Structure formats: structure tokens, C-alpha cells
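Topology and contacts: notes
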Amino acid sequence: MMPRAELLKDIVADLRVAASFVTILPVASSKPASDGAIARATWALPVAGVLVGLAGAFAYKVAMWFGLTPTLAALLALVTTALVTGALHEDGLADTADGLGGGRTRERKLEIMRDSRIGTYGVCALIFSFGLRWSALATIADPVAVALALCAAHAAVRAGVPAFMALVPPARPDGLSASAGAPPGRSIALAFAVGMLALVLALGPGKALVGLILLSLAGLMLARLAIRQIGGQTGDILGAFEQLGEIIILLVAASFQIGG
């Protein structure tokens, strides 16, 4: 049995790896990650998601404290989450939309996805993503309910990333997703448990089930599309999955009016 001190050390290390994987927070170790460290640490992705959600919730609360409307506060909350993550997932969504929508061959699609320039499909995808999330948060309005929705959304969708990485093979031998490796079953199970806990606490059992079903369907559809068009997943595909999931959970929260 692993000593308690060593177990705690491993947990902290995984949390740091997970946070550095999905945010720009200066928490990464100065030592390079060992082989399999990122895959093993994926169980902590939903925990890192809660931190992102809390940052957005704090921005929303401050904006409301200064007397801004829920619409403006919602926009500032989204700006904050984008800053904390370095707009990593938004970039992935835009690249995915451009690549899958603009290329005719697998090679051309992957080439477009690696291009730093953004095209029409990418711009439209970002407009839809920000617009839907912005509207959802403004509809929820109540700061406490917004905080619950943001934490649930950012945790739940990241809880699905390990399973997505394990079930969908990398589309190319290099890149972020391929270098991370396939998460082990234990990490997948732990991530799912943390994500479901966040969903249930924020939405309640019935509403959490709706969010889980919709999130699973979105993941399956994206996985099928990625496999058919480019042969698997990339870091950009994972970013697009995060954005789709975030939209879904926030729309479910807005539809059911958390705390109302």
C-alpha cells in the first residue's frame, strides 16, 4: 500500500499537470513530465475545470457588485475563462471547424487545422459558441446559479476528455493529443466520478442526467465525424469537444433555471 505522504505527493503532481494542461496558470513543475504523466493526470481535469469555472464566477460576481447587467457580467465571465485557459479550447473549436469544414482530403484537413490562421468556418463557430454561452449565463442571471453552472460545465465536459482520448485514436503520430497518450481506466473512472458529482450538485440528479446524455451524444457524434474525416482525434478536436460540452451544460442550466 502506498504511503500517505507519497500518495498526497502524487495527487498534487497530477493536479498541477492537469491545471497546466488546460490553463495558463503557472503551476507546472520545472521538471519535464515523465512518460504517461499527462494521461495518468487526466483524472484531475474536472478539478482543474472547477478552478476555471470559479474564475468566471468571480468575474461575474464582481461585475454584478459594480451594478452591471447580467448580460455584461456574463460576457466578462466568458472573457475571464478564456483568459485563464489561454483561449485554448476556443482555438481548438475554430481549427476543427475550419479543418473539417474546409478541407477535401484527410491530409488537407489536418494541414488546415495546424494553420494558425482562422477561416470563415472558424469565425462562425466562435460566434455561435460565445453567443450561446453568453445568452445562457445572462438567462440564468443569479450569481450563485451562474457559479454552479460554470463549475458544473467546466468540470463535467473535462471529465469526458479522458474517455474521449482513450476511445478515439490519435489522428497523427505527433501533436498534443498523441504525446499525451491514452489515459488508463482508473483515471477515466475517477474523472467521470468527479464530473458527475459536479453535475449532480449543481443541477440535481434528473437535470444532471439530461446533461450527461446530451454530452455523451455530442461526444459520440464528434468522435464519429473526426474518425471519418481525419482518422481520429487531435488536440483541436479535444478543444472542440470541450466547447460543445460547455455549451450543452450551460444551455441545460439555463433551460431549467438553476436555483429558480
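Details of the structure are given in the entry above.
Residues numbered from 1 in each chain as written. Predicted model: local features only at pLDDT ≥ 70, side-chain atom pairs only at ≥ 80, totals over all residues. Heavy atoms only, no water.

**Some details on the environment of alanine 125**
Under the convention used in this document: Strands are runs of DSSP state E lasting at least 2 residues, helices are runs of H or I lasting at least 4, and numbering of each runs from the N terminus. Here a residue-residue contact requires only that any non-hydrogen atoms of the pair lie within 4.5 Å.
Mapped onto the fold, alanine 125 is located in helix α7 (residues 120-140). Measuring from C-alpha to C-alpha, the distance between alanine 125 and leucine 93 comes to 6.9 Å, with 32 residues separating the pair along the chain. Once residues within four sequence positions are removed from consideration, alanine 125 is found in contact with Leu93 and Ala97.

**Some details on helix α11 (residues 185-203)**
Here is the rule we go by: For a helix, the expected span equals 1.5 Å multiplied by the number of residues minus one.
Between its first and last C-alpha, α11 extends 27 Å over 19 residues, near the 27 Å set by a 1.5 Å rise per residue. A positive backbone phi angle near 90° is found at glycine 204, which sits one or two residues after α11.

**Observations concerning the packing of aromatic side chains**
Rules: Aromatic contacts are taken between Phe, Tyr and Trp rings whose centres are within 6.5 Å, Trp giving its six-membered ring; a plane angle under 30 degrees counts as stacked, one over 60 as edge-to-face, and the others as tilted. Throughout, exposure labels follow a simple rule: accessible area from a 1.4 Å probe, protein chains only, divided by the maximum for the residue type, with under 20% read as buried, over 50% as exposed, and the rest as partly exposed. In this analysis the charged atom, NZ for Lys or CZ for Arg, is taken to sit over a ring once it is within 6 Å of the ring centre and within 35 degrees of the ring normal.
In the structure shown here, the tally under the stated rule is 2 aromatic pairs. Ring centres of tryptophan 65 and phenylalanine 66 lie 5.0 Å apart, and the angle between their planes is 85°; this geometry places the pair in the edge-to-face category. Grouping residues by exposure puts tryptophan 65 and phenylalanine 66 together as exposed. Across from the ring centre of phenylalanine 130, 4.8 Å away, lies the NZ or CZ of arginine 133, which sits over that ring.

**As for the side chain of serine 187**
For serine 187, the location among the structural elements is in helix α11. Excluding residues within four positions of it along the chain, serine 187 makes contact with Ala39, Arg40, Thr42 and Trp43.

**Some remarks on the pattern of salt bridges**
As a working rule, side chains carrying opposite charge can pair if their charged atoms are close by. Which entries qualify depends on this criterion: Every case where a carboxyl oxygen of Asp or Glu lies within 4 Å of a side-chain nitrogen of Lys or Arg is listed as a salt bridge.
What the rule picks out here adds up to 6 salt bridges. Ionic pairing is found between aspartate 14 and arginine 40, a salt bridge with its closest N-O pair at 3.6 Å. Of the two residues, aspartate 14 sits in helix α1 (residues 4-22) while arginine 40 sits in helix α2 (residues 37-41), which places them 26 residues apart along the sequence. The buried category is assigned to aspartate 14, whose relative accessible area is 7%. A salt bridge links glutamate 246 to arginine 133; the shortest N-O distance between them is 2.9 Å. Residue glutamate 246 is found in helix α13 (residues 235-256), and its partner arginine 133 is found in helix α7; the two are separated by 113 residues along the sequence. Comparing glutamate 246 with arginine 133, the two get one shared label, buried. Counted as one network, the salt bridges with shared partners bring together Glu90, Arg133 and Glu246.

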